Protein chains: 2
Amino acid sequence: MNPVIVIHGGAGAISRAAMSPDKELEYHAALRAILLSGQAVLAQGGSALDAVTTAVVGLEDCPLFNAGRGAVFTSDGTHELDAAIMDGATLRAGAIANVRRVRNPVLLARKVMEESRHVFFVGEGAERFASDHDIALVEPGYFSTPERYAQLLRVQRDNPNAAVLDHDGQAIVAGQQAAPAHPLDMDKKFGTVGAVALDARGNLAAATSTGGITNKQVGRVGDAPVIGAGTYAGNETCAVSATGTGEMYIRMVAAYDIAARMRYGGATLAQAAHAVMFESLASIGGKGGLIAVDGQGNIAMPFNTEGMYRGFARPGQDPVVEIYRA
Amino acid sequence: MNPVIVIHGGAGAISRAAMSPDKELEYHAALRAILLSGQAVLAQGGSALDAVTTAVVGLEDCPLFNAGRGAVFTSDGTHELDAAIMDGATLRAGAIANVRRVRNPVLLARKVMEESRHVFFVGEGAERFASDHDIALVEPGYFSTPERYAQLLRVQRDNPNAAVLDHDGQAIVAGQQAAPAHPLDMDKKFGTVGAVALDARGNLAAATSTGGITNKQVGRVGDAPVIGAGTYAGNETCAVSATGTGEMYIRMVAAYDIAARMRYGGATLAQAAHAVMFESLASIGGKGGLIAVDGQGNIAMPFNTEGMYRGFARPGQDPVVEIYRA
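Predicted model, so just to flag it, every value in this text is computed and none were measured.

Novice: Explanation requested: the nonpolar core in the structure shown.
Specialist: If you look at soluble globular proteins, the nonpolar side chains tend to sit buried side by side. Of all hydrophobic cores here, the largest spans 111 residues; its most connected members are F120 and I258 of chain A together with F120 and I258 of chain B. The greatest single-element share of this core, amounting to eight residues, is contributed by helix α7 (residues 254-265) of chain B. Not counting residues within four places of it along the chain, the set of residues in contact with F120 of chain B comprises F120, G219, R220, V221, V226 and I250 of chain A together with A95, I96, A97, V112 and P225 of chain B.

See below:
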């Protein structure tokens, strides 16, 4: 076995030109620290499930990324958070969407997976499940940062009908699912965070968490909590976590499509991930990236945007962090 | 082209012994009338999308089935409705979950598909989208029927921690996702309705709508609105609508898995549908059924319960309605 953890912190039009050296160092340091925390779990013989949970909690708690603290604002100026987790060994899954007060959505998704008769909860029902199961709730203001609020105001000023995928200026305009409008020149990132891992016992796991997209309509759910779209893990094939224009990932069942290409079509992880990113998703204008790992510890981190916050770590080796195209 | 519409009204432990002749006639007549309405759309050159919409509206409006009027009750004594629709020609989709006041959830799902920049809405945000787009809202009492309320009281009396999949006594017990408890001997049906169709232009479509499962926890979302799990359509492969223990259909990405087995594995529709029903879903204790149609007009209606309300109609031929195993 070749244990490994891979993480992403969103993809988008992240250009060297627009990034200050200080900001870049800040992202590097955050991603590295989070990779080290997941790596430590694996190095101590911990499970892939624990490694991805630890990493996604770290990403949620870091205000640089659009999940948990630092989540983007809806058109109402609120936050609505989505997350999912899946255990490749048992194909058990937990998903939650549209929660407003759950400090770490990935911990609620995991609790749903482990302690509920159900797989997927949304809204107040999800929060009720959270309070019944000792999941930390916070006031909605906890998630807010001045940077995200400024982002909302800019988007609403420039194009009130557009929702902007955090980390990118690509706007989705009403009635144009397949053909996003011209990129805006600000707030250029797609924001979702995620992690996939292989542990020493050969088990795979995936987890994804997001605040969605700036100025999204209230009640909108993206691909992150949709098992098979933004999150999937099966020991037979691979574990996948996606980030990007969630609507297209849902329509292409993107995460599971990678597994299916491996399972039925004999593709390698690299071939399958490449095909889904650059053929399937591209065919309907999908933008973003994804991370994936297979049962042998091979990894893939394709994206079709200018950059993706990403990295991986294997026990005993220094973590690798990357932002731009190679 | 060989246009056809296929519908289901739920699967479960529907035994001849437990069904009165009058009730059986009532189900037959309802399914036949709904098939005729979808058949008429196809016979007039209408689209698969219009045919499945018409059929699912009919199923929602009929109190015999667990969708729209006649939806089951949550543990709170409320109704929460989910639906999805997908256009195989464009891979566009619309899905909604956890709505309480939308008379015909499938019409809202279709409106989301056609007029929103988003694909998936839940809760109050979905209802706000509905009222902004002239979708009929009703008082929650509209959905209630005395039969469903009696069903809730029986389930809560006999096993307060169990959620019962309408049309079946199979209970899902907390913490036992993979191993449902013993069947109850009442309220034996899984309740979801759905339709799939092929039209004269070779386009496929699928739609699914449900009230979920009796005594479900508030906020629970099943497979119906999860694209790839309970609903999927792609012209290259097939259109699928599922009914059953939704949690297992989500974990197995059941609907898209049929398409993937055809697309990458070279399976026929019959082979793929059979494998998903009797191998994938069965491997984790999944119970229920599904309907599917491919681009040549071949159909499949597998189920692993005692019965499934189902039928199909081809223009110019008398509709076929079935309830029990052959």
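So, next bit.
Novice: I tried to follow the side chain of T53 of chain A on my own but got confused; where do I start?
Specialist: All names here are of chain A. Tracing the chain through its elements places T53 in helix α2 (residues 48-61). Among the residues examined, T53 registers a relative accessible area of 8% and is labelled buried. A distance of 2.6 Å separates a polar atom in the side chain of T53 from the backbone oxygen of L49. Residue contacts for T53: discarding those within four places in its chain leaves I85, V106, L107 and R110.

Novice: Sorry, what's going on with the pairing of strand β11 (residues 238-244) of chain B here?
Specialist: Consecutive residues of a regular strand have side chains that alternate between opposite faces of the sheet. Residue and element names in this part refer to chain B. Of all seven residues making up β11, seven are buried, and the element is well covered by its neighbours. Neither face of β11 is exposed, since C238, V240, A242 and G244 on one face and A239, S241 and T243 on the opposite face are all buried. Bridge count for strand β10 (residues 231-233) against β11 is three bridges, and the pairing is antiparallel. If you follow Y232 over to β11, its bridge partner there is V240. As consecutive antiparallel partners, β10 and β11 are separated by four residues.

Novice: What am I meant to see in the packing of helix α1 (residues 21-43) of chain B against helix α2 (residues 48-61) of chain B here?
Specialist: When two helices pack together, their arrangement is given by the angle between the helix axes and the distance between those axes. Residue and element names in this part refer to chain B. It is the contact of α1 with α2, at a shortest axis distance of 8 Å, that shows an interaxial angle of 160°. Judged by the inter-axis angle, α1 sits roughly antiparallel to α2. Crossing hand, α1 versus α2: right-handed. Contacts between α1 and α2 involve L31, I34, S37, G38, V41 and L42 on the former and, on the latter, A48, D50, A51, T54, A55, G58 and L59. Here the residues of the contact of α1 with α2 sort into eight nonpolar, four polar and one charged.

Novice: What am I meant to see in the pattern of salt bridges here?
Specialist: Any two side chains of opposite charge can pair, given that their charged atoms come close. Summed over the entire model, instances satisfying the criterion amount to 24 salt bridges over all chains. R32 of chain B serves as the salt-bridge partner of D318 of chain B, at 3.1 Å between the closest nitrogen and oxygen. Separated by 286 residues along the polypeptide, D318 of chain B in the loop between β14 (307-313) and β15 (320-324) and R32 of chain B in helix α1 bring together distant segments of the chain. With relative accessibility at 54%, the residue D318 of chain B sits in the exposed group. Residue classification places R32 of chain B among the partly exposed positions, given a relative accessible area of 33%. Residue R110 of chain B pairs with D50 of chain B through a salt bridge whose shortest N-O separation is 2.7 Å. Here R110 of chain B, found in helix α3 (residues 105-115), pairs with D50 of chain B, found in helix α2; they are 60 residues apart in sequence, far enough to count as distant. Overall, the relative accessible area of 15% leaves R110 of chain B in the buried class. One network of salt bridges, with partners in common, ties together D50, R110 and E114 of chain A.

Novice: I tried to follow the sheet that holds strand β2 (residues 81-87) of chain B on my own but got confused; where do I start?
Specialist: In any sheet, the strands associate via hydrogen bonds between backbone groups, in a parallel or an antiparallel arrangement. Sheet architecture is open: nine strands sit in the order β9(A)-β4(B)-β3(B)-β2(B)-β8(B)-β7(B)-β1(B)-β14(B)-β15(B), paired in mixed fashion. This sheet does not close on itself; its edge strands, each paired only once, are β9 (220-221) of chain A together with β15 of chain B. Running at roughly 160° to strand β7 (residues 193-198) of chain B, α2 of chain B makes contact with β1 (4-12), β2, β7 and β8 (204-210) of chain B of the sheet.

How each quantity is defined
- Residues numbered from 1 in each chain as written.
- Chains lettered and ligands numbered in written order.
- Predicted model: local features only at pLDDT ≥ 70, side-chain atom pairs only at ≥ 80, totals over all residues.
- Heavy atoms only, no water.
- Core = buried A, V, L, I, M, F, W, Y, C linked by side-chain atoms within 4.5 Å.
- Buried < 20%, exposed > 50% of the residue type's maximum accessible area, 1.4 Å probe, protein only.
- Helix = DSSP H or I, 4+ residues; strand = E, 2+ residues; numbered from the N terminus.
- Contact = heavy atoms within 4.5 Å.
- Polar contact = N/O pair within 3.5 Å; in protein donor to acceptor, adjacent residues only side chain to side chain.
- Pairing = 2+ DSSP bridges.
- Axes fitted to C-alpha atoms, helices over the stretch in contact; angles between N-to-C directions.
- Parallel < 35°, antiparallel > 145°, perpendicular 65-115°, else oblique.
- Left-handed = near helix turned anticlockwise from the far one by under 90°.
- Nonpolar A, V, L, I, M, F, W, Y, C, P; charged D, E, K, R; others polar.
- Salt bridge = Lys/Arg side-chain N within 4 Å of Asp/Glu carboxyl O.

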